[in-house]
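# Architecture and fold: a report
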Amino acid sequence: MIKKFLTSVFVICSFVAVSQTDTEVLIQFSGYALTADSLMGVPFAHITILNRGRVATAGPDGFFSFAAHEGDTLYFTCVGYKPSVYIIPTKLGSDKYSV
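A brief look at the structure comes next. All values reported here derive from a predicted model rather than from experimental measurement. (Residues numbered from 1 in each chain as written. Predicted model: local features only at pLDDT ≥ 70, side-chain atom pairs only at ≥ 80, totals over all residues. Heavy atoms only, no water.)

### Things to note about a nonpolar patch on the surface
To keep it simple, the criterion reads: Here the term patch refers to residues with relative accessible area over 30% and no salt bridge, with like charges joined within 9 Å and nonpolar side chains (Val, Leu, Ile, Met, Phe, Trp, Tyr) within 5 Å. Each accessible area value is a Shrake-Rupley result obtained with a 1.4 Å probe; residue values ignore everything except the protein chains displayed when judging cover. Each salt bridge in this description consists of a side-chain nitrogen of Lys or Arg and a carboxyl oxygen of Asp or Glu lying within 4 Å of one another. Secondary structure counts use DSSP, requiring at least four H or I residues in a row for a helix and at least two E residues in a row for a strand, with both numbered from the N terminus.
Together, Y32, L34, L39 and F63 make up an exposed nonpolar region whose accessible area comes to about 410 Å². Within the fold, Y32 resides in strand β1 (residues 26-32).

### Concerning the environment of L26
Formally: By definition, residues are in contact when any of their heavy atoms lie within 4.5 Å.
Position of L26 among the secondary structure elements: in strand β1. Separated by 41 residues in the primary sequence, L26 and A67 place their C-alpha atoms 6.6 Å from one another. Excluding residues that lie within four positions of it along the chain, L26 makes contacts with A67, A68, H69 and D95.

### A word on the packing of aromatic side chains
Which entries qualify depends on this criterion: Side-chain rings of Phe, Tyr and Trp (the six-membered ring for Trp) are treated as a pair once their centres are within 6.5 Å; stacked means planes under 30 degrees apart, edge-to-face means over 60, and tilted covers the remaining angles.
This structure, assessed with the given rule, holds seven aromatic pairs. Chaining the aromatic ring pairs together yields one cluster made of F29, F64, F66, F76, Y86 and Y97.

### Some details on the side chain of S30
Keep this limit in mind: By the criterion applied in these results, polar contacts are pairs of N or O atoms within 3.5 Å in which, for protein atoms, one can donate a hydrogen and the other can accept it, and in which residues neighboring in sequence qualify only through two side-chain atoms.
Along the polypeptide, S30 turns up in strand β1. Only 3.2 Å separates the side chain of S30 from the side chain of S98, close enough to count as a polar contact. Non-local contacts of S30, meaning those with residues more than four positions away in its chain, are made with F63, F64, S65, Y97, S98 and V99.

### Side note on the environment of I87
Under the convention used in this document: Classification of residues uses two cut-offs on accessible area relative to the type maximum, computed with a 1.4 Å probe and protein chains only: under 20% is buried, over 50% is exposed, and between them is partly exposed.
Structurally, I87 can be placed in strand β6 (residues 84-87). In this structure I87 comes out as exposed when scored by relative accessible area, which is 52%. Expressed as a C-alpha distance, the spacing of I87 and L74, which sit 13 residues apart in the sequence, is 6.0 Å. Dropping the residues within four chain positions of it, I87 is found in contact with G71, D72 and T73.

### Topic: the pattern of salt bridges
The full count for this structure, using the stated rule, is two salt bridges. With its nearest N and O atoms 3.1 Å apart, the salt bridge here joins D72 to R52. Within this pair, whereas D72 is found in the loop between β4 (63-69) and β5 (73-77), its partner R52 is found in the loop between β2 (46-49) and β3 (54-57), the two being separated by 20 residues in sequence. Relative accessible area serves as the criterion here: at 1%, D72 is assigned to the buried category. Note that K96 and D95 form a salt bridge whose closest N and O atoms lie 3.8 Å from each other. Assessed through its relative accessible area of 47%, D95 is described here as partly exposed.

Following this line, the structure appears as C-alpha cells:
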C-alpha cells in the first residue's frame, strides 16, 4: 500500500517538474488600441489571445495591459471597427512589451 502511494507521489512530482520546464516566456504586454486614421483611442476594444482563449478589454481611453506569451496571436475587435490581428514577436529580450 505504501509502495503504491510513494510511486504515485513520484509520478505526480515528475509531471510537475516537466511542466515547470516549459520554455514559453511570459511578458507584460501593454499599449493603446487606436484608430488608423486619427490615432484616437478606441474605447473598450476587446483583445483576444487566439491560441489561449483569453480575452482582455481596453479602458475608456483604449489602454490595455495583460500577461501574454511571446508568439501569441492577438485579435483586436470593437463594434464599428475592422478587426485587426497582431502577433507578439518572439525573443524580445525583456519581460515587458508595449505597442
